[in-house]
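Chains, contacts and geometry: an overview
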Amino acid sequence: MQPLRYSINLTLDGCCDHRVGEADEELHRHAVENLERADALLFGRVTYGMMEAAFRAPVRTDAAPAWTEPFARTIDAAKKYVVSSTLERVDWNAELLCGDLADSVRELKQGPGRGLFTGGVMLPRALAELGLIDEYEFVVHPRIAGHGPTLFAGLSQHLDLRLVDRQEFDSGAVALRYEPRG
């Protein structure tokens, strides 16, 4: 069975607004390494739209640093599954998942491969509620935002996790990787 891995950037006070973090070359390399551990990406409508707007080829015309290109190329080329009850169709190497979320994701996990990767806020909360996430990674940035969305708001029960890896970055960010306690 393929593992479903989740990764999110957040601040010390738990804000997970992508506009608040400090992305640098080292963190982008780490993100590429995460994406390369998966055969496909699983996104909700909002995350899919945000990623498509930022990273879909042709290469963006903004003044993004050259070190963002490996991430952009990797995410652009990746197979994507999109969970949405409002979208009628998707493209960008993507397939719309319809029907029961738990059944659809379990079916994807049953297929051969290195794993699936998800990000965002709303879809991962639903996946955590269903017990479908096999690995959680929280990249904690040394910043206090004082506002913004937080993770897993409204989760019906707590999740007990076991720390399996820790990686520090020159920026002061720390990637903490956990697995559910069985």
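Notes on the structure in this doc start here.

Rules of the game
Residues numbered from 1 in each chain as written. Predicted model: local features only at pLDDT ≥ 70, side-chain atom pairs only at ≥ 80, totals over all residues. Heavy atoms only, no water. Pairing = 2+ DSSP bridges. Helix = DSSP H or I, 4+ residues; strand = E, 2+ residues; numbered from the N terminus. Axes fitted to C-alpha atoms, helices over the stretch in contact; angles between N-to-C directions. Contact = heavy atoms within 4.5 Å. Phe/Tyr/Trp six-rings, centres within 6.5 Å; stacked < 30°, edge-to-face > 60°. Buried < 20%, exposed > 50% of the residue type's maximum accessible area, 1.4 Å probe, protein only. Lys NZ or Arg CZ within 6 Å of the ring centre and 35° of its normal.

**Structural notes on the sheet that holds strand 8 (residues 174-180)**
Taken together, eight strands build an open sheet; the order of strands is 4-3-2-5-1-6-8-7 and the sheet is mixed. Each edge of the sheet is formed by a strand with only one pairing partner; in this case those strands are strand 4 (94-97) and strand 7 (161-168). Each strand axis lies, on average, 25° off the axis of its neighbour in the sheet, ignoring direction. Here helix 2 (residues 45-55) sits on the sheet and contacts strand 2 (40-44), strand 3 (79-83) and strand 4; the angle it forms with strand 2, its principal contact strand, is near 115°. Across the sheet, helix 5 (residues 122-129) touches strand 1 (4-11), strand 2, strand 3, strand 5 (116-118) and strand 6 (135-141), and the angle it forms with strand 2 is around 105°.

**As for the packing of aromatic side chains**
Tallying each qualifying case throughout the model produces seven aromatic pairs. When the centroid spacing of 6.0 Å and the interplanar angle of 75° are considered together, the rings of Tyr6 and Phe152 count as edge-to-face. You can see Tyr6 sitting in strand 1 and its partner Phe152 sitting in the loop between strand 6 and strand 7, a full 146 residues away along the chain. A residue is classified by how much of its surface remains accessible, and Tyr6, at 1% relative accessible area, is buried. Exposure remark for Phe152: the relative accessible area of 18% places this residue in the buried category. With a centroid separation of 4.9 Å and an interplanar angle of 80°, the aromatic rings of Phe55 and Phe71 are classed as edge-to-face. Placement of the pair is Phe55 in helix 2 and Phe71 in helix 3 (residues 69-77), with a sequence separation of 16 residues. Of the two residues examined, Phe55 and Phe71, each falls in the buried class. Put simply, the rings of Tyr6, Tyr136, Phe138, Phe152 and Tyr178 touch in pairs and so form one group of aromatic residues. The ring centre of Tyr81 lies 4.9 Å from the NZ or CZ of Lys79, which sits over that ring. Positioned above the aromatic ring of Trp92 is the side chain of Lys80, whose terminal nitrogen or guanidinium carbon lies 4.0 Å from the ring centre.

**Let's talk about the pairing of strand 7**
Both strand 7 and strand 8 contribute to a ladder of seven bridges, which runs antiparallel. The residue bridging Arg166 from the neighbouring strand is Leu176, located in strand 8. The turn joining strand 7 and strand 8, which pair antiparallel and follow one another in sequence, is formed by five residues; a positive phi near 100° is taken by Gly172.

**Comments concerning the pairing of strand 6**
The buried fraction of strand 6 amounts to seven of the seven residues, a majority that puts the element mostly inside the structure. Both strand 1 and strand 6 contribute to a ladder of seven bridges, which runs parallel. Of the residues in strand 6, the one forming a bridge with Asn9 is Val139. In this structure, strand 6 lies alongside strand 8, joined through five bridges in antiparallel fashion. The residue of strand 8 that forms the bridge with Val140 is Val174.

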